[in-house]
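Notes for the structure review
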Amino acid sequence: MSAFFQWQLVWEYFPKILSALPVTLMIVGVATIVGLLLGILLAFIRVEKVPFLSQLAAVFVSFIRGTPILVQLYVVYYGVPALLQMIQVDVSSWNKIIFIYITYGLNTAAFQSETFRAAILSVPVTQKEASIACGLTKTQMYRQVILPQVVRVALPAFGTTTIALLQDTSLAFTIGVVDVVGKARAIGAVTFHTLEGYVGAAILFITLSFLLERVFTGLERRMSFSKTKQQTAKVPLISWSKKQHKVKTT
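Here goes a summary of the coordinates provided.

The subject of this paragraph is the packing of aromatic side chains. Overall, the coordinates contain nine aromatic pairs when judged by the stated rule. With 6.0 Å between their ring centres and 20° between their planes, Trp-7 and Trp-11 make a pair best called stacked. Note that Trp-7 and Trp-11 are positioned in helix α1 (residues 7-18) at a spacing of four residues, about one turn of the helix. Judged by relative accessible area, which is 48%, Trp-7 ranks as partly exposed. Centre to centre, the rings of Phe-44 and Tyr-142 are 5.3 Å apart; their planes meet at 75°, and the pair counts as edge-to-face. Within this pair, whereas Phe-44 is found in helix α2 (residues 21-47), its partner Tyr-142 is found in helix α7 (residues 138-168), the two being separated by 98 residues in sequence. Through successive ring pairs, a cluster of aromatic residues spans Tyr-74, Tyr-77, Tyr-78, Trp-94 and Phe-99.

Turning our attention to unusual backbone geometry. For Phe-52, which is not glycine, the phi torsion reads 70° and is therefore positive. Position of Phe-52 relative to the elements: it lies in the loop between α2 and α3 (53-66). Judged by its relative accessible area of 58%, Phe-52 falls in the exposed class. If you check the backbone angles, Phe-192 has positive phi at about 65° while not being a glycine.

It is worth spelling out the packing of α1 against helix α8 (residues 180-191) at this point. One can describe the packing of α1 onto α8 by two numbers: an axis separation of 9 Å at closest approach and a directional angle of 135°. When the axis of α1 is compared with that of α8, the two are oblique. As for how α1 packs across α8, the hand of that crossing is right-handed. Across the interface between the two elements, Tyr-13, Lys-16 and Ile-17 of α1 pack against Val-180, Lys-183, Ala-184, Ile-187 and Thr-191 of α8.

Let us look at the packing of α3 against helix α5 (residues 96-122). Helix-helix packing: each pair is described by the crossing angle between the helix axes and the interaxial distance. The contact between α3 and α5 brings their axes to 9 Å, and the two run at 110°. Considering the angle they form, α3 stands roughly perpendicular to α5. In this structure, the crossing between α3 and α5 has a hand that is left-handed. Here Phe-60, Val-61, Ile-64 and Arg-65 of α3 come into contact with α5, specifically with Leu-106, Asn-107, Ala-110, Phe-111, Ser-113 and Glu-114.

Here we take up the nonpolar core. Counting residues in hydrophobic clusters, the biggest one holds 30 residues, and the most contacted among them are Ile-100, Tyr-104, Ile-175, Val-180 and Leu-204. Of all elements in the fold, only α1, α2, α4 (69-86), α5, α7, α8 and α9 (194-234) reach the threshold of two or more residues within this core. Contacts of Tyr-104, omitting those with residues within four sequence positions, involve Ile-27, Ala-31, Ile-69, Leu-165, Asp-168, Thr-169, Leu-171 and Ala-172. Phe-116, Ile-120, Val-123 and Leu-155 belong to the second largest nonpolar core, which has 15 residues in total.

Rules of the game
Residues numbered from 1 in each chain as written. Predicted model: local features only at pLDDT ≥ 70, side-chain atom pairs only at ≥ 80, totals over all residues. Heavy atoms only, no water. Phe/Tyr/Trp six-rings, centres within 6.5 Å; stacked < 30°, edge-to-face > 60°. Helix = DSSP H or I, 4+ residues; strand = E, 2+ residues; numbered from the N terminus. Buried < 20%, exposed > 50% of the residue type's maximum accessible area, 1.4 Å probe, protein only. Axes fitted to C-alpha atoms, helices over the stretch in contact; angles between N-to-C directions. Parallel < 35°, antiparallel > 145°, perpendicular 65-115°, else oblique. Left-handed = near helix turned anticlockwise from the far one by under 90°. Contact = heavy atoms within 4.5 Å. Core = buried A, V, L, I, M, F, W, Y, C linked by side-chain atoms within 4.5 Å.

Structure follows, in structure tokens:
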């Protein structure tokens, strides 16, 4: 058993695996930003039913949600250079991680767009009608009335998708990007102690997932507290005076 698995090797390899963490975090960061911006845009297009673009967005989201991310990665890695080559654009000098950014950004955008679309549709239609009746433009309505409510509703699902994204980065090594899992795989290929490297990677992923979960839980509690505080401030305090026999509102 000691020859098969050694705990001391886990801690010996851990600093090497940790050195690849910035690559993994960069993938998560770029994909989250792209997914957030593009996801909101896709959600807006589908909610507003923009001609042609709405149908195109629906097909894109359906494809992304219906195929494994590994398939999407290969489609981008091999398909994008082939398409660009048709217009005489050579991308052979591109760093492989660019294809990772594109794949994970598009994947995250598709899932986040459904999160934001559901959150937008959860806002009562009466609030939209009241905003327009008050003279707000559609842009002002979304910015001042809709989006603050959308953020509260979408935050839990957004956090879940981000944590899932962190775990999905483990496939980046399939095209040669040395992330956390790629480093563990490389260590195993050299030392023939593959399990120790993967255990170290698992410890790192569990720790990061726990930290992200606590961050999003804290944000949810803070937003819920702010919402409750605002609602409480708007509730009138009513006192009854037996001598004056009338209601006083403060």
